[in-house]
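Spelled out, the chains give:
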Amino acid sequence: MKDLKVLEVCSWYAGPYCGKLLADMGADVVKVEPPSGDPARRAGPFPKDVPHPERSGTFLYLNTNKLGITLSLQTTTGQKLFRELAQQADVLLEDFPPGTLEGWGLGYEALSQIARRLVFISITPFGQDGPYRDFKAYPLNTFHSGGEGYTIPGSLGWLLYSERSPLKAAGAAGEYYAGTMGAVATLMAIAARRQSGMGQRVDVSKQEALINLSRIEIEKYFNQGLIESRATRSFPIGGSFQCKDGFVQININSDAMWRGLVDLMGNPQWACKEEYAVREGRNAAGELINAELAQWALSCSKHEIYYGGQARGLAITPYLTPEEVYASPQLASRSYFVQVQHPEAGALRMPAAPYRLSASPGLPRNPAPLLGQHNQLVFGERLGYSAEDLVRLRSAGVI
Amino acid sequence: MTATPLGGTRVLDFSWVLAGPYCSMLLAMAGADVIRVETLQRADFISRQPGTAEGTNGPLNPNSTPRFNTINLSKRSVQLDLHTKDGIQLAKELVRLSDVVVENYRPGTFARLGLGYQDLKKVRPDIVMVSISGMGQEGPESQYAAYAANFGALSGMGYLTSYSDGIPTEMRGVLDLLTGTTACFAVLAALHHRSVTGEGQYLDLAAREVISCCLGDLFLDLPLNDRSPKPAGNSHPSVAPHGVYPCKEVDSWVSIAVYADEEWSALCAAMGRPDLLEDPRFRDQLNRWRHQGALEQQISAWTRTYSDIEVMRLLQQAGVAAMPSFSSKGLSEDLHLQQRQIFQRVQHPELGSLVVLGPPFRLVGSPLRIASAAPLLGEHNAEVFGDLLGLSQEEVRRLGDNGVIN
């Protein structure tokens, strides 16, 4: 996708993850930061927990393979430069509160006049219109507005902590989901442009992206009157179980799997009941069976159960800690991790990509940019400004 | 402006359950002609079979369930038994007329059937083929069985989604659809590549890898500090209040996040608690974070006296980030989503009128749309084998009798 030129003016997680997916896939992504930098540069993790704007783990992961420039969009010169950049771009990716770019004369109406082929993508919590358009939402709020939060934790977590609040998924997961949806939207608009020759406006609401991922659960309310919540998520038998050294997830989906599990446990008396041979019998005795499984699991290690179970065709997996994810032999054989060398933060071992492509590998090759690292390249070589111009722009606070 | 982004693109969808079908449904919403290739011998039983959780060995049922419907909107369906020679041959003839193939069989299965990427490349050199699995197409664990809760556990997401003193969380179908979404992105990138170079390619997605990518920022503590991140519930590493608080109704909750000092002042004013501004425990960001337990008590006492929507309105008006932890019922009643026209209806021949969620984003110039409900099994046999492949009615009947179109 080398031919695709993306101008990303986003901060934190969602927009930048969308930009990262495109950049790691080979697109030419120029990331525009305010002169003070993407606020994600203030988020950790930092080496030795010492904050430094060039050593933020969050920024370093989310901005691989991008060119980095600084630009103040509040200044008229900054706005002029932005217009020039937009004219050279195929895609503009932005996540300002709705109306912000319009206020600077840089909205879709204005830019499409000078760049008819521009695909203009906005990623915001609630979209460009509607009663919540101007609502404030941080990742915690956006996630919970999407419906999945209300259903976690379910199963064992619900049994143990039913008085506690619903939970968000780890870290900023919801923002990554929204960013992924934004990347799909981007390439669909580019596909449309291949046919029409024209750009267009794309409106990505993070909430709408998230609820779509929960469409099955949400539609149950409309079509069956059922409200999914933390209380309704348990499987009739199986689920998560504590081991000597962590937890495993055991899913029993067939009679064959049940027989395999009984074998794994060493054919204990309690499991050999005739009625347990069929699903209905097992489901009816779900609580009893789970109590026995829980006791058994406590005496095993999670990897023992994992390999022993999988050898018998069982859908059993351990709950891996991040350290264990990094040590996974499967991921090693897949070359899932890549070592990216960053001038300030050093060698960063990180997930390479969510896919493997035979013809156009999506691996991060280059580290996240230093602040303003490519000002000379972009403003100088691509837009034609002289070195003296750049000095002037710098001291005026434009870049 | 063009009618649809992917008009003229044909997708052959051999996948089942959730991830593969959602990938191809997104393509269908964008105007691609998506043809599901299914068989009564192995019907998408997990989804078509009514009333199951994630698997059954009950009788196969060719009729749709609401779950199957909402993941297979706007597609066509043909039957082919891929364990017959004629079935494989017909599948290849369909591939010849297709741009994209989607499958999520156990790794190696498709190749053994004679439909691996190398086989399909011979039939259609620029084919874009995507294989979705839990673990990936090769490696010591590639043959392992895994559903959403399993690969959620392997990815680190299950462990990290937890109260700080809690247990790992069993993650569910959202992870399947996320994997399908990511597969869709990869397919679109491959189609773009093809438009420039004429080359197709093979895409290999592992669900556990897709999900781990969404934890990359947290994971970086390992290379940076040799430290494995721990779960933190709803809390934030440096700001408070940042959590989910109980509201008036049973099992009703609202999320509130305060980053800046102005937001803290606004929250105190909205709660009618100017005294909290003077409380030394809450005077600045660091102290608010340190005393987040006490803070939680103060805020919960207030939120308990209002509904989740009331808290949202009061706080948003004051410039404070607050959103309910929406249940499906709450979302169905939500004025914002109604105005955004998120909920649509489709007419299904056997299930009747069903509410489904519309497309996940808006392309203003070339809108995505839902053209129809999900197909019945083999509903388009005559159309596809007849009109598209040019077989005679006689021939189609014979293949049906021989168990090929089955």
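Here the residue numbers are simple positions, counted from 1 along each chain's written sequence. By the order in which they are written, chains take letters starting at A while ligands take numbers starting at 1. Reporting in this predicted model follows two pLDDT cut-offs: at least 70 for local features of residues, and 80 or more for side-chain atom pairs to be given and counted; totals over whole chains, interfaces and linings ignore these cut-offs and use all residues. Side-chain metrics in this entry use all non-hydrogen atoms of the structure; hydrogen atoms and water are not considered.

### Section: the overall build of chain B
Working step 1: Strands are runs of DSSP state E lasting at least two residues, helices are runs of H or I lasting at least four, and both sets are numbered from the N terminus onward. When its secondary structure is counted, chain B shows 21 helices and 12 strands.
Working step 2: Across the 406 residues in chain B, those meeting the buried criterion constitute 66%.
Working step 3: Lys and Arg are tallied as positive, Asp and Glu as negative. Neither His nor the chain termini are counted. Where a charge lies is defined by one atom per residue type: Lys uses NZ, Arg uses CZ, Asp uses CG and Glu uses CD. When the 35 positive and 44 negative side-chain charges of chain B are each reduced to one mean point, those points stand 2 Å apart. Relative accessibility thresholds used throughout: buried, under 20% of the residue-type maximum; exposed, over 50%; partly exposed, between the two (1.4 Å probe, protein chains only).

### A look at the packing of helix α8 (residues 173-196) of chain A against helix α9 (residues 206-213) of chain A
Residues and elements named next belong to chain A.
Working step 1: The axes are straight lines fitted to the C-alpha atoms, using for helices just the contacting stretch, and the angles between their N-to-C directions are given from 0 to 180°. The N-to-C vectors of α8 and α9 enclose an angle of 95°; their axes lie 9 Å apart at closest approach. Classified by the interaxial angle, the pair formed by α8 and α9 is roughly perpendicular. Contact residues: α8 offers G174, E175, Y177, A178 and M181, while α9 offers K206, A209, L210 and L213.
Working step 2: Here the residues of the contact of α8 with α9 are counted per class, giving 6 nonpolar, 1 polar and 2 charged. Roughly parallel covers angles under 35 degrees, roughly antiparallel covers those over 145, roughly perpendicular covers 65 to 115, and oblique covers all other angles. Only heavy atoms enter the contact rule, under which two residues are in contact if any of them lie within 4.5 Å. In this count, Pro and Cys sit with the nonpolar residues alongside Ala, Val, Leu, Ile, Met, Phe, Trp and Tyr, while Asp, Glu, Lys and Arg are called charged and the others, Gly among them, polar.

### Side note on the sheet that holds strand β8 (residues 246-251) of chain A
Working step 1: Two strands are said to pair when DSSP picks up at least two bridges between them. The strand order across the open sheet formed by 3 strands is β7-β8-β9 (chain A), and the pairing between neighbours is antiparallel. Each edge of the sheet is formed by a strand with only one pairing partner; in this case those strands are β7 (239-243) and β9 (315-318) of chain A. The mean inter-strand angle of the sheet, taken between neighbouring strand axes irrespective of direction, is 25°.
Working step 2: Sheet strands in contact with helix α13 (residues 286-298) of chain A are β7 and β8 of chain A, and its direction is about 35° off that of β7 of chain A.
Working step 3: In this fold helix α7 (residues 148-155) of chain B packs onto β8 and β9 of chain A, with an angle of close to 20° to the strand it touches most, β9 of chain A.

### Looking at the side chain of T151 of chain A
Residue and element names in this part refer to chain A.
Working step 1: Tracing the sequence through the fold places T151 in the loop between α6 (139-145) and α7 (155-160).
Working step 2: From its side chain, T151 meets the backbone oxygen of E148 in a polar contact 2.7 Å long.
Working step 3: Residues in contact with T151, not counting those within four places in the same chain, are E228, S229, R230 and R233. Polar contacts here mean pairs of N or O atoms no more than 3.5 Å apart (in protein, one a potential hydrogen donor and the other a potential acceptor; neighbouring residues in sequence count only if both atoms are side-chain atoms).

### As for the interface of chain A and chain B
Working step 1: Every contact between the two is made by 150 residues of chain A and, on the other side, 148 residues of chain B.
Working step 2: Joining two parts hides part of their accessible area as seen by a 1.4 Å probe, and the buried area is that hidden amount summed over both. Taken over both partners, the interface formed by chain A and chain B buries close to 13000 Å², and the fraction arising from carbon and sulfur atoms is 62%.
Working step 3: When the buried area of chain A at its contact with chain B is split by residue, M188, R215 and Q330 of chain A rank highest and sum to 6% of it.
Working step 4: In the sections that follow, a salt bridge refers to a side-chain nitrogen of Lys or Arg positioned within 4 Å of a carboxyl oxygen of Asp or Glu. Our count for the contact surface shared by chain A and chain B stands at 12 salt bridges.
Working step 5: The partner of R340 of chain B in a salt bridge is E208 of chain A, and the shortest N-O contact between them spans 2.6 Å.
Working step 6: Taken together, chain A and chain B are joined by 70 residue pairs in polar contact (both at pLDDT 80 or more).
Working step 7: The element that contributes the greatest number of residues to the side of chain A that touches chain B is α8 of chain A, accounting for 17 residues.
Working step 8: Of the residues in the side of chain A that touches chain B, the class split is 82 nonpolar, 41 polar and 27 charged.

Coordinates in, geometry out; function isn't part of it.
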